Amino acid sequence: MGYIDLKNRRILVTGAAGFIGANLVKHLYADIGDVIVIGIDNMNDYYDIRLKETRLEEISAISSFAFVKGNIADKAFVTETFEKYKPQIVVNLAAQAGVRYSITNPDAYIESNLIGFYNILEACRHSYDNGAAGVEHLVYASSSSVYGVNKKVPYSTDDKVDNPVSLYAATKKSDELLAHAYSKLYNIPSTGLRFFTVYGPAGRPDMAYFGFTDKLCKGENIQIFNYGNCKRDFTYIDDVTEGLLRVMRKTPDKVTGEDGLPLPPYKVYNIGNSNPENLLDFIDILQQELIRAGVLPGDYDFEAHKDLVPMQPGDVPVTYADTSALESDFGFKPCTSLRTGLRKFAEWYKAFYM
Ligand SMILES: NC(=O)c1ccc[n+]([C@@H]2O[C@H](COP(=O)([O-])OP(=O)(O)OC[C@H]3O[C@@H](n4cnc5c(N)ncnc54)[C@H](O)[C@@H]3O)[C@@H](O)[C@H]2O)c1
């Protein structure tokens, strides 16, 4: 694999005010220091905009960070941004996330995840025009949801994933296909990352650990899908940003195939804890940590606030990442325990909301 020294590189991060994006920007400056990061985000109101503003405020304090507000589905905007900043590494995290929302708001997924990603690919392609050095590595977010109702666990990137069970999953799988075609046609080194349920402080309010906390604080009931018979591979945010940094530094090899044409410099990896937790155990740890952080009182009647309900459309009973390729190619395996991660989340929640 090729090696990229990230020092002094121009790095474009889309979705920079998002959960993973903002943490990646912070991690880049904390770890590498001398980098020039350009962040794009359209600051949409899919969830509480204050969270995006707070994250953006924090990273905007870094002097060599530049923020450009805009929509990646706007081709002229993406082209102009690439022409102005000439990014050498592109990390595409901007997307419409969430499985359930794709049932009520499909347009948002087609716009951001398909048209938006296509615009990023086109901009990468044209970054080499007139002999320019252009983009050295495109890293983009895929999702564990591409595995659908895969029976075989752990989920491996060698598994066939042609049976998405949500529009969100279908757009993410499509992104991998588009990236493959562009890598093959234009020799763009690209790496897709299938993230597994990423959580942590200032995370996404649409995700279970955050939504449960909000509801319990308001005295509302939480809905436990599939009667609690679910397993999730939870991945702590710091593990994800560490993985991203390592992946950004190493590009898939450019090799010539038997036909004399380049083989696509293309890879896809899982980033997950490879340690699925039972939903009810996860709720138990969350309860304990919410009490410990002082978010909820020690005598809170959790049992009275739980509704066991059937599976939701688009949901899957288990997610479990095989991370052997990540380990062998990058010497890295996410390892933060759920208790440690939920403790950090609960402490952040107390400080932010209470
Ligand atoms: N968090 C997870 O558990 C998880 C799991 C699997 C995959 N992913 C993927 O990782 C990426 C980042 O996820 P996240 O959890 O940080 O989500 P997020 O919603 O917090 O971040 C995405 C950011 O992109 C921005 N955005 C959306 N559409 C845009 C557009 N068209 N133009 C410009 N900006 C746009 C949003 O405003 C948001 O700030 C996404 O691609 C998501 O699908 C996340």
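Because the structure is a prediction, the values reported are computed rather than measured.

**Looking at the packing of helix α1 (residues 19-31) against helix α8 (residues 237-249)**
Right, on to step 1. Interhelical geometry of α1 versus α8 gives an angle of 65 degrees and a closest axis separation of 9 Å. In the crossing of α1 with α8, the sense of the turn from one axis to the other is right-handed. Facing Phe19, Ile20, Asn23, Leu24, His27, Leu28 and Asp31 of α1, the residues of α8 in contact are Ile237, Asp238, Val240, Thr241, Glu242, Leu244, Leu245 and Met248.
Right, on to step 2. Residues that form the contact of α1 with α8 fall into these classes: 9 nonpolar, 3 polar and 3 charged.

**Considering the side chain of Ser112**
Right, on to step 1. Inspection of the secondary structure assignment puts Ser112 in helix α5 (residues 106-126).
Right, on to step 2. Beyond its immediate sequence surroundings of up to four residues, Ser112 is in contact with Ile72, Ala95, Gln96 and Phe117.

**Brief notes about empty space enclosed by the protein**
Right, on to step 1. For the coordinates displayed, the defined rule picks out 1 cavity of 30 Å³ or more.
Right, on to step 2. Of the pockets and cavities examined, the largest cavity occupies roughly 30 Å³.
Right, on to step 3. Taken together, Tyr199, Phe234, Asn273, Asn275, Glu277, Thr336, Ser337 and Leu338 form the lining of the largest cavity.
Right, on to step 4. A per-class count over the lining of the largest cavity returns 3 nonpolar, 4 polar and 1 charged.

**With respect to the packing of aromatic side chains**
Right, on to step 1. According to the stated counting rule, one finds 29 aromatic pairs in the structure shown.
Right, on to step 2. Between Tyr182 and Tyr186, the aromatic rings sit 5.2 Å apart at their centres with planes inclined by 55 degrees, giving tilted as the arrangement. With a gap of 4 residues between them, Tyr182 and Tyr186 both fall in helix α6 (residues 167-186), about one helical turn apart.
Right, on to step 3. Under the relative-accessibility criterion, Tyr186 is labelled partly exposed at 28%.
Right, on to step 4. When the ring of Phe210 is compared with that of Trp348, the centres are 5.7 Å apart and the planes differ by 70 degrees; the resulting orientation is edge-to-face. Within this pair, whereas Phe210 is found in helix α7 (residues 208-217), its partner Trp348 is found in helix α11 (residues 338-353), the two being separated by 138 residues in sequence.
Right, on to step 5. A residue is classified by how much of its surface remains accessible, and Trp348, at 16% relative accessible area, is buried.
Right, on to step 6. The structure contains a cluster of three or more aromatic residues connected by ring pairs, namely Tyr199, Tyr209, Phe210, Phe212, Phe234, Tyr236, Phe282, Phe345, Trp348, Tyr349, Phe352 and Tyr353.
Right, on to step 7. Above the plane of the ring of Tyr47 lies Lys52, whose end atom (NZ or CZ) is 4.7 Å from the centre.

Conventions and cut-offs
Residues numbered from 1 in each chain as written. Predicted model: local features only at pLDDT ≥ 70, side-chain atom pairs only at ≥ 80, totals over all residues. Heavy atoms only, no water. Axes fitted to C-alpha atoms, helices over the stretch in contact; angles between N-to-C directions. Helix = DSSP H or I, 4+ residues; strand = E, 2+ residues; numbered from the N terminus. Left-handed = near helix turned anticlockwise from the far one by under 90°. Contact = heavy atoms within 4.5 Å. Nonpolar A, V, L, I, M, F, W, Y, C, P; charged D, E, K, R; others polar. 1 Å grid on protein atoms, 1.4 Å probe; cavity = no way out; pocket = protein on both sides within 12 Å on 5 of 7 lines; lining within 4 Å. Points joined across faces, edges and corners; volume = space filled by probe spheres on them. Phe/Tyr/Trp six-rings, centres within 6.5 Å; stacked < 30°, edge-to-face > 60°. Buried < 20%, exposed > 50% of the residue type's maximum accessible area, 1.4 Å probe, protein only. Lys NZ or Arg CZ within 6 Å of the ring centre and 35° of its normal.

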